[in-house]
Amino acid sequence: MAYLQSCMTFMFVAWLTSLGQFAHGKRVTYVQEACSVTRYPDICVHSLASFSIVAKRSPSKWARAGVSVTIGEVKRVAQNLNKLKKNRVMRGRNRIALLDCIECFQDAIDELHKSLGVLRRLSRSTFDEQMSDLNTWISAALTNEDTCLDGFEGQKGSQVKLLQNQVLNASYITSNALALVNKLATTGLGSISDP
């Protein structure tokens, strides 16, 4: 009898474990599927994996998650830029480029916040206009990030290299968010529901 109970317990635990692996596998599949439309799918999967349970196969939820993650990353870079300004680490041309970069990132944050606001209140009646606005604003954020990088072109130094890497990573994440929004736009009205 004890042997039978042990076997049953083992089989139950094995079944529960397989369910957990199945659920984890589904989550990985959801995020990989969503990120397949992006230019930087590895970064996309890494940055959005935690949204799999909620977003599943919803293009609107993936777009919202992409923009939310982008806002967080762009704000983090902006804080680092402001620390560099405060610490007066950069001088001359690099200082001017840093000040321009700070302004570019503030503009990008504003564009991304507008985008997230629209994604939170998608409507069938204004969907096409909303998608156009989102494309414009997220593209503008990406342009601002690229403009920041342009100011440091050809410059050397460890602080410049670190800054360039951070800005480049933010631009990859922004590009992914734009791709997720474009996926929503091509999926169309069937992927959203009015409140």
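Let us look at the structure shown here. (Residues numbered from 1 in each chain as written. Predicted model: local features only at pLDDT ≥ 70, side-chain atom pairs only at ≥ 80, totals over all residues. Heavy atoms only, no water.)

The next subject is the overall build of the protein chain. Scanning the protein chain from terminus to terminus reveals 7 helices and 0 strands. Along the protein chain, helices and strands appear, N-terminal first, in the series α-α-α-α-α-α-α. In the protein chain, which comprises 195 residues, the proportion classed as buried is 41%. When the accessible surface of the protein chain is totalled, it reaches about 11,200 Å², and 56% of it is carbon and sulfur. (Helix = DSSP H or I, 4+ residues; strand = E, 2+ residues; numbered from the N terminus. Buried < 20%, exposed > 50% of the residue type's maximum accessible area, 1.4 Å probe, protein only. Areas by Shrake-Rupley, 256 points an atom, 1.4 Å probe, with all protein chains shown as cover.)

Moving on, we come to the side chain of asparagine 176. Along the chain, asparagine 176 falls in helix α7 (residues 158–187). Within the structure, the side chain of asparagine 176 is placed 3.0 Å from the backbone oxygen of tyrosine 40, a separation counted as a polar contact. (Polar contact = N/O pair within 3.5 Å; in protein donor to acceptor, adjacent residues only side chain to side chain.)

Let us now look at empty space enclosed by the protein. All chains considered together, the criterion is met by 1 cavity of 30 Å³ or more. Roughly 50 Å³ of internal volume is contained in the largest cavity. Considering the residues around the largest cavity, the lining is formed by Cys44, Ser47, Leu48, Gly66, Val69, Thr70, Ile173, Asn176, Ala177 and Leu180. Of all the secondary structure elements, the ones that give two or more residues to the lining of the largest cavity are α2 (41–48), α4 (59–87) and α7. Considering every element that reaches the lining of the largest cavity, the biggest residue donor is α7, with 4 residues. (1 Å grid on protein atoms, 1.4 Å probe; cavity = no way out; pocket = protein on both sides within 12 Å on 5 of 7 lines; lining within 4 Å. Points joined across faces, edges and corners; volume = space filled by probe spheres on them.)

A full pass over the atoms with the stated rule returns 2 disulfides. Covalently, cysteine 35 is tied to cysteine 44 through a disulfide, its sulfur atoms 2.0 Å apart. Looking down the S-S bond of the cysteine 35 and cysteine 44 bridge, the torsion is -70°, so its handedness is left-handed. Paired by a disulfide, cysteine 101 and cysteine 148 hold their sulfur atoms 1.5 Å apart. Around the S-S axis, the bridge from cysteine 101 to cysteine 148 shows a dihedral of about -50° and counts as left-handed. Of this pair, cysteine 101 sits in helix α5 (residues 92–119) while cysteine 148 sits in helix α6 (residues 127–151), placing them 47 residues apart in sequence. For cysteine 101, a relative accessible area of 0% corresponds to the buried category. When the bonded cysteines of the protein chain are counted from the start of the sequence, the pairing works out to 1-2, 3-4. (Disulfide = S-S within 2.5 Å.)

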